[in-house]
Amino acid sequence: MDYRVESLSAEQTRAWGKELGRHLRGGDVVALSGDLGAGKTAFAQGVGEMLGVTGPMTSPTFTFLHEYIGQVQGTGTKVRLIHMDLYRLQHPEEVEVIGVEDAFVEDAICLIEWPEIAKDYLPEDRLDIEILGSGEMPREIILRAQDNDWEQRLKDMI
Ligand SMILES: Nc1ncnc2c1ncn2[C@@H]1O[C@H](COP(=O)(O)OP(=O)(O)OP(=O)(O)O)[C@@H](O)[C@H]1O
Ligand SMILES: [Mg+2]
């Protein structure tokens, strides 16, 4: 089932990221799609804030990925937060070269902007998020669970 929520500001998008962050744990993979300037990075920053990431979370557009240390909410377990932006990849094979799959491990939470090029490599038990709208338009954030576990977590969250 699709869950749809609205966001009227960057701050609200960030707040939805925080809300998701409360439900994330090691091994989770979240694919974040949407146009340029939709708010994917704003959402990711909200996740980082909830996980207690210190320091600024900037867009990994040129480096493909940034890694932070955070804490799983509820248990306080340390977890790596890996924030990727695959916008600049040209060929699906490059996904292997930069080691995207190395982030799909139990001690890491992985957020992926521009995930489309990596679609054949993404785990099936992921959460897909799509942000519709850009510029000064209101945003619609669509959350699509790809397995039962995510379905349950979204039901608790929204
Ligand atoms: N409701 C909203 N939600 C998110 N961002 C918004 C909203 N309204 C306006 N904005 C603005 O849109 C921009 C979103 O930028 P952001 O870097 O998060 O987008 P992005 O999807 O990561 O883009 P890119 O594809 O370039 O990585 C910011 O400048 C933000 O202030
Ligand atoms: Mg971005």
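Our subject is the structure that appears above.
Residues numbered from 1 in each chain as written. Chains lettered and ligands numbered in written order. Predicted model: local features only at pLDDT ≥ 70, side-chain atom pairs only at ≥ 80, totals over all residues. Heavy atoms only, no water.

## What about the coordination of the magnesium ion (ligand 2)?
The magnesium ion (ligand 2) binds to the protein through Thr41 (OG1) and Glu113 (OE); the donor distances cover 2.1 Å. With threonine 41 in helix α2 (residues 40-50) and glutamate 113 in strand β5 (residues 108-113), this residue pair connects regions lying 72 residues apart in the sequence. Overall, glutamate 113 belongs to the buried group, its relative accessible area being 3%. (Donors = N, O, S within 2.8 Å, 3.2 Å for Na, K, Ca; no water. Helix = DSSP H or I, 4+ residues; strand = E, 2+ residues; numbered from the N terminus. Buried < 20%, exposed > 50% of the residue type's maximum accessible area, 1.4 Å probe, protein only.)

## What to know about the pairing of strand β2 (residues 29-34)
Along a regular strand, successive side chains alternate from one face of the sheet to the other. Buried residues dominate β2, accounting for six of its six residues. Neither face of β2 is open: one carries Val29, Ala31 and Ser33, the other Val30, Leu32 and Gly34, and all of them are buried. By the bridge criterion, four bridges tie β2 to β5 in an arrangement that is parallel. The partner of leucine 32 across the bridge, within β5, is glutamate 113. Bridging between β2 and strand β6 (residues 127-132) involves five bridges; their strand directions are parallel. Following the sheet pairing, glycine 34 is matched in β6 by isoleucine 131. (Pairing = 2+ DSSP bridges.)

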